[in-house]
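Architecture and fold: a report
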Amino acid sequence: MEVKLMPHLLVVILDDLSHLPELLNRWRKIGVPGVTILASVGSYRASNWLGRVGLGAFDRLFEAEEVRRRTLLVAIEDDELLATAIAEAEQVVGGFERPNSGLLLALPVAQIRGLHKVQPAEPQPELPPAVRTDWQV
């Protein structure tokens, strides 16, 4: 009998953007599939910020350092990979139970369409800059 795994949507809201590169790197190393990254602002912080600076600054809301967050979304079908991805996220942020650490949710997904796509080509090694003595700036 074949065991069917329940896919999950892993949602991580990062309060500290400095954790983003390390988290993405760790997830890539363990095989987490493509991550969607969204700019996000929580309503509590947004309303406090707008209360201080006024509604005229609404168009700068996503630029304000004090309210800027990132929401990461990734669909994961493998239960073991999901558990490892959660553990890595917990370790990177120092635990989501701490104040101002963010939020982590793992939601069951009833249906997925378009998850399995052709894998992108392997990244090419970065070439050193071309240096020519006859070039001038």
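Residues numbered from 1 in each chain as written. Predicted model: local features only at pLDDT ≥ 70, side-chain atom pairs only at ≥ 80, totals over all residues. Heavy atoms only, no water.

To continue, consider the overall build of the protein. Assigned secondary structure in the protein consists of 3 helices and 4 strands. A sequence separation of at least 24 residues applies to 77% of the contacts in the protein between residues at least 6 apart. Approximately 10,100 Å² of the protein is accessible, and the part contributed by carbon and sulfur atoms is 57%. (Helix = DSSP H or I, 4+ residues; strand = E, 2+ residues; numbered from the N terminus. Contact = heavy atoms within 4.5 Å. Areas by Shrake-Rupley, 256 points an atom, 1.4 Å probe, with all protein chains shown as cover.)

Turning our eyes to something else, we now look at helix H1 (residues 20-30). Of the residues making up H1, those classed as buried are Leu20, Leu23 and Trp27. All buried residues of H1 lie within an arc of 70° about the axis, which places them on one face of the element. Along H1, exposed side chains directed more than 90 degrees from the buried face belong to Pro21, Arg28 and Lys29. Where H1 is buried, its residues contact strand E1 (8-14), strand E3 (69-76) and helix H3 (79-93). (Buried < 20%, exposed > 50% of the residue type's maximum accessible area, 1.4 Å probe, protein only. Arc of directions from axis to C-beta.)

E1 sits mainly inside the fold: 5 of its 7 residues count as buried. Across 7 bridges, the pairing between E1 and E3 is antiparallel. Along E3, the bridge assignment pairs histidine 8 with isoleucine 76. Where E1 meets strand E4 (residues 102-108), 7 bridges bridge the pair, whose relative direction is antiparallel. From the neighbouring strand, leucine 10 faces E4, where its bridge partner is alanine 106. (Pairing = 2+ DSSP bridges.)

This part is about unusual backbone geometry. Unlike most non-glycine residues, asparagine 100 shows phi in positive territory, near 55°. Structurally, the position occupied by asparagine 100 is in the loop between H3 and E4.

Turning our attention to the pattern of salt bridges. Overall, the coordinates contain 2 salt bridges when judged by the stated rule. The salt bridge partner of arginine 26 is glutamate 22, with a shortest N-O separation of 2.8 Å. Of the two residues, arginine 26 and glutamate 22 both sit in helix H1, 4 residues apart, roughly one turn of that helix. Using a relative accessible area of 37% as the deciding quantity, one classes glutamate 22 as partly exposed. For glutamate 88, the salt bridge is made with arginine 26, and the minimal N-O distance between the two is 3.0 Å. One end of the pair, glutamate 88, is in helix H3; the other, arginine 26, is in helix H1, and 62 residues separate them in sequence. By relative accessible area, which is 17% here, glutamate 88 ends up buried. For arginine 26, a relative accessible area of 23% corresponds to the partly exposed category. Taken together, the shared-partner salt bridges connect Glu22, Arg26 and Glu88 into one network. (Salt bridge = Lys/Arg side-chain N within 4 Å of Asp/Glu carboxyl O.)

This next bit is on a nonpolar patch on the surface. Taken together, the side chains of Leu103, Leu105 and Leu107 present a nonpolar region at the surface, about 220 Å² in accessible area. Tracing the sequence through the fold places leucine 107 in strand E4. (Patch = residues over 30% accessible without salt bridge, like charges linked within 9 Å, V, L, I, M, F, W, Y side chains within 5 Å.)

Geometric descriptors of this kind do not, in isolation, establish any biological role.
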